[in-house]
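Residue-level structure breakdown
Chain by chain, the residues run as shown.
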Amino acid sequence: MSARDMRVEMFARAIMRGDLAKAKGHAEKLIKIAGDDEWGRGYSRAIEGIVNAINDNDTDSLIVQLLNRNDRERAKELLDLYSELAAQEFRDEYEKGYYTAWVEFLRAYLSQKTLSDVQ
């Protein structure tokens, strides 16, 4: 597992526990890992968007809806869609980075055990 993969796992875990302070710390490290090229800027924008939406409790945002509803089926659908978008050759590097961040986050989100998984 790469450093970025491990950091995304920790980021997702902190978000799912509601520990925004820790999530912000992991987000900062993810942004540094991503770099400042076009791909990295797209990746960073997605991570920042996740944090900001949760911080603002933006109920229109995808991440807040996923967390509030624990909608794992929707997360799986989005994972498939965003994986496809990130792989499309005509996408620019910014878009590829943005969708890659979502793919990695959704994978980490889906890998987390929830209370309903245990029951």
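One can find the structure itself at the top, above this paragraph.
These remarks concern the structure in this document. Since the structure is predicted, the reported quantities are computational estimates derived from the model, not experimental observations.

Some words on the side chain of S44
Here S44 is to be found in helix α3 (residues 38-55). For S44, a relative accessible area of 6% puts it in the buried group. Of the polar contacts made by the side chain of S44, one reaches the backbone oxygen of G40; its length is 2.8 Å. If near-sequence neighbours (up to four positions away) are discounted, S44 is found in contact with I31, A34 and G35.

Details of helix α2 (residues 20-34)
The end-to-end C-alpha separation of α2 is 20 Å, in line with the 21 Å expected for 15 residues at 1.5 Å each. Listing the buried residues of α2 in full gives A23, H26, A27, L30 and A34. Viewed along the axis of α2, the buried residues span an arc of 110°, placing them on a single side of the element. Across from the buried face of α2, at angles greater than 90 degrees, the exposed residues are A21, E28 and K32. Of the surrounding secondary structure, the elements contacted by the buried residues of α2 are α1 (3-17) and α3. G35, located one to two residues past α2, shows a positive phi value of around 90°.

A look at the nonpolar core
Membership of the largest hydrophobic core comes to 34 residues, with the highest contact counts inside it found for F11, Y43, Y82, W102, F105 and L106. Of all the elements in the fold, those that place two or more residues in this core are α1, α2, α3, α4 (62-69), α5 (72-87) and α6 (93-111). A total of 9 residues in this core trace back to one element, the largest contributor, which is α6.

Section: the pattern of salt bridges
Scanning all chains against the criterion turns up 8 salt bridges. The residue R45 makes a salt bridge to E48 at a minimum N-O spacing of 3.9 Å. With R45 and E48 both in helix α3 and 3 residues apart, the pair spans about one turn of that helix. In this structure, R74 and E77 form a salt bridge, with 3.6 Å as the shortest nitrogen-oxygen distance.

Structural notes on the packing of α4 against α6
Angle between the axes and distance between the axes are the two parameters that describe a pair of packed helices. At a minimum axis separation of 13 Å, α4 and α6 run at an interaxial angle of 5°. Regarding the angle of α4 to α6, the classification is roughly parallel. Mapping the contact onto sequence places L62, I63, L66 and L67 in α4 and W102, F105, L106 and Y109 in α6. Taken together, the residues of the contact of α4 with α6 sort by class into 8 nonpolar, no polar and no charged.

Rules of the game
- Residues numbered from 1 in each chain as written.
- Predicted model: local features only at pLDDT ≥ 70, side-chain atom pairs only at ≥ 80, totals over all residues.
- Heavy atoms only, no water.
- Helix = DSSP H or I, 4+ residues; strand = E, 2+ residues; numbered from the N terminus.
- Buried < 20%, exposed > 50% of the residue type's maximum accessible area, 1.4 Å probe, protein only.
- Polar contact = N/O pair within 3.5 Å; in protein donor to acceptor, adjacent residues only side chain to side chain.
- Contact = heavy atoms within 4.5 Å.
- Expected span 1.5 Å × (residues − 1).
- Arc of directions from axis to C-beta.
- Core = buried A, V, L, I, M, F, W, Y, C linked by side-chain atoms within 4.5 Å.
- Salt bridge = Lys/Arg side-chain N within 4 Å of Asp/Glu carboxyl O.
- Axes fitted to C-alpha atoms, helices over the stretch in contact; angles between N-to-C directions.
- Parallel < 35°, antiparallel > 145°, perpendicular 65-115°, else oblique.
- Nonpolar A, V, L, I, M, F, W, Y, C, P; charged D, E, K, R; others polar.

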